[in-house]
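Understanding the architecture of this molecule
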Amino acid sequence: MPELAYVNGKISSIEMAMVPVEDRGYQFGDAVYEVIVSYSGRLFALEEHLERLEGSMCELDFPPISRETVRHSIQDLFKQADLPRAALYLQISRGVGPRNHAFPETRKLQVVMTVRKVDEKPAMLRREGTAAITLKDFRWGRCDIKTVQLLANVLAKQKATESGVDDAIFVAEDEVVREATSSNVFIVADGVVITHPLTQNILPGITRAVVIDLCKDVNLALEERFYYLKDLYSADEVFMTGTITEVLPLVKIDGQIIGDGKVGPVSKQLYGALHEKINNS
Ligand code: PDD
């Protein structure tokens, strides 16, 4: 059950996989990506990830690539790795060429993948909830495009780590709560589940969309609207969603206890509903 890499059709061990130094993803962050996980040997929400990938590429004027080709490459690599619980990372850059900010003449995209075992969140975090800090959102204005330009997210996550917490939540100048470094954020207030609407300031998370649908299925009131730092602190529950994160409760933010400091019923219900959906998909 090997962990494998793929570079433009060539499959090898991850250690042996190489990309050219003039790859635009490497030099300019001129690349898009997706992270897709499997449960019991099946990739979850593959079509949704392919759809978002196409959207990211289209927004950045990348030459088109057939969905069929990408799907086939993903499935083939995943099959060869034969890891039942895998995290597949896919990155497509605008290609390779002499360093020049303007788009290159070549329209040959560079497709890279790795497939590894999922780095699972510790069970204790899921049982007891976790902590985060908030930070001013200092990212660029197109966080809806899933690009590899993640330096702000990297610095924020490092700040969280150094502060002894699990994650950092970006908050806008006007105190609107955006999202965490690799997850969307939801709050529960007076029985209503609230999350930031889809704008250019957050990633349209696949898990976010699944959780919104699940709220409808289990009759939880759901609002996609702006909410503020004060709403985050005073919420009954706060949780993050993401492909690796799944539904992860936050019980302490900026040192302040959220609700009663324990994982709340809505977070538990949605985590259970998500796994039910995964098992039935
Ligand atoms: N991150 N917001 C940001 C900034 C993200 O990077 C991610 C995903 C999400 C959640 O999206 P989804 O539910 O589609 O995974 C929200 C991936 C997993 C990563 O960078 O590793």
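Before any of the text, the structure's been laid out above.
What comes next is a walk through the structure. (Residues numbered from 1 in each chain as written. Predicted model: local features only at pLDDT ≥ 70, side-chain atom pairs only at ≥ 80, totals over all residues. Heavy atoms only, no water.)

A word on the nonpolar core. Within the largest apolar cluster, 26 residues are counted, with the highest numbers of intra-cluster contacts made by Ile74, Leu88, Leu90, Ile92 and Val115. Among the elements of the structure, strand 1 (4-7), strand 3 (31-39), helix 2 (46-59), helix 3 (67-81), strand 5 (86-93) and strand 6 (110-117) are those that each provide at least two residues to this core. In this view, leucine 88 contacts Glu34, Val35, Ile36, Ile74, Leu77, Phe78, Met113, Thr114 and Val115; residues no more than four positions away in its chain are not counted. Listed in part, the 23 residues of the second largest apolar core include Val37, Phe44, Ala45 and Leu214. (Core = buried A, V, L, I, M, F, W, Y, C linked by side-chain atoms within 4.5 Å. Buried < 20%, exposed > 50% of the residue type's maximum accessible area, 1.4 Å probe, protein only. Helix = DSSP H or I, 4+ residues; strand = E, 2+ residues; numbered from the N terminus. Contact = heavy atoms within 4.5 Å.)

Bringing the site of the ligand into the picture now. Neighbouring the ligand are 18 residues; Tyr33, Arg52, Glu179, Thr207 and Thr243 lie closest to it. The side chain of lysine 146 places a nitrogen or oxygen atom 3.3 Å from a nitrogen atom of the ligand. In this structure, glutamate 179 approaches the ligand through a side-chain N or O atom, which is 2.6 Å from a nitrogen atom. Out of a free accessible area of 480 Å², the ligand has 89% covered by protein chains. Secondary structure elements with two or more residues in the shell around the ligand: strand 3, strand 9 (177-180), helix 6 (206-217) and strand 13 (237-242). (Near = heavy atom within 4 Å. Polar contact = N/O pair within 3.5 Å; in protein donor to acceptor, adjacent residues only side chain to side chain. Areas by Shrake-Rupley, 256 points an atom, 1.4 Å probe, with all protein chains shown as cover.)

This part takes up the packing of helix 2 against helix 3. In the contact formed by helix 2 and helix 3, the axes pass within 11 Å of each other and the chain directions differ by 130°. In terms of axis orientation, helix 2 runs oblique to helix 3. Every pair of crossing elements has a handedness; the one defined by helix 2 and helix 3 is right-handed. For the pair helix 2 and helix 3, the contacting residues are Leu46, Glu47, Leu50, Glu51, Leu53 and Glu54 in the first and Arg67, Val70, Arg71, Ile74 and Gln75 in the second. Among the residues forming the contact of helix 2 with helix 3, the class breakdown is 5 nonpolar, 1 polar and 5 charged. (Axes fitted to C-alpha atoms, helices over the stretch in contact; angles between N-to-C directions. Parallel < 35°, antiparallel > 145°, perpendicular 65-115°, else oblique. Left-handed = near helix turned anticlockwise from the far one by under 90°. Nonpolar A, V, L, I, M, F, W, Y, C, P; charged D, E, K, R; others polar.)

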